[in-house]
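Structural description and commentary
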Amino acid sequence: MSSKFRINDKVIIITGKDKGKIGIIKKFLNNKKKVILDGLNLVYKHQKSIPSKNILGGIIKKESFLDISNISHFCDENNKLSKIGFIFKFNKKLRYLKLNKLKIL
């Protein structure tokens, strides 16, 4: 089955501490249930220094995974969130925004 989300899709966070912020999907977890958004959902990580690899220790900011149920696609034209539908054209399965019905992703 095709996934509704892909890398470089523009999404909006619908729940959590960053609710309402817009970002781009950067990475998926191995089972495609969690995503990393570019520059969002930042957490603090206490990093131990590793002298052999020239890694400095301290407290660093890092992007954390978000569950796929906490995000939705974002439509630039209407500035609203939209659901994704699938349509068959030319024997291919294509994704489209249900809000516009013409914009194929």
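Residues numbered from 1 in each chain as written. Predicted model: local features only at pLDDT ≥ 70, side-chain atom pairs only at ≥ 80, totals over all residues. Heavy atoms only, no water.

Counting residues in hydrophobic clusters, the biggest one holds ten residues: Phe5, Val11, Ile13, Ile25, Phe28, Val35, Leu37, Leu40, Leu66 and Ile71. Elements represented by at least two residues in this core include exactly strand S1 (10–13), strand S2 (22–28) and strand S3 (34–37). Sequence-distant contacts of valine 11, defined by excluding residues within four places in its chain, comprise Phe5, Lys21, Ile22, Gly23, Ile25, Leu37, Ile71, Ser72, His73 and Phe74. (Core = buried A, V, L, I, M, F, W, Y, C linked by side-chain atoms within 4.5 Å. Buried < 20%, exposed > 50% of the residue type's maximum accessible area, 1.4 Å probe, protein only. Helix = DSSP H or I, 4+ residues; strand = E, 2+ residues; numbered from the N terminus. Contact = heavy atoms within 4.5 Å.)

Once that is clear, we can look at the sheet that holds S3. Read across the open sheet, the six strands follow the order S6-S3-S2-S1-S7-S8; overall the sheet is antiparallel. At either margin of the open sheet sits one strand with a lone partner, and together these are strand S6 (66–67) and strand S8 (80–82). As paired elements, S2 and S3 share three bridges and run antiparallel to each other. Following the sheet pairing, isoleucine 25 is matched in S3 by leucine 37. (Pairing = 2+ DSSP bridges.)

All right, on to the pairing of S2 then. Side-chain direction in a regular strand flips from residue to residue, so the side chains alternate between the two faces of the sheet. Where S1 and S2 come together, three bridges link them in antiparallel fashion. Across the sheet, the residue bridging to valine 11 is glycine 23, located in S2. Counted between consecutive antiparallel strands, the loop separating S2 from S3 contains five residues, among which lysine 32 sits at a positive phi close to 60°.

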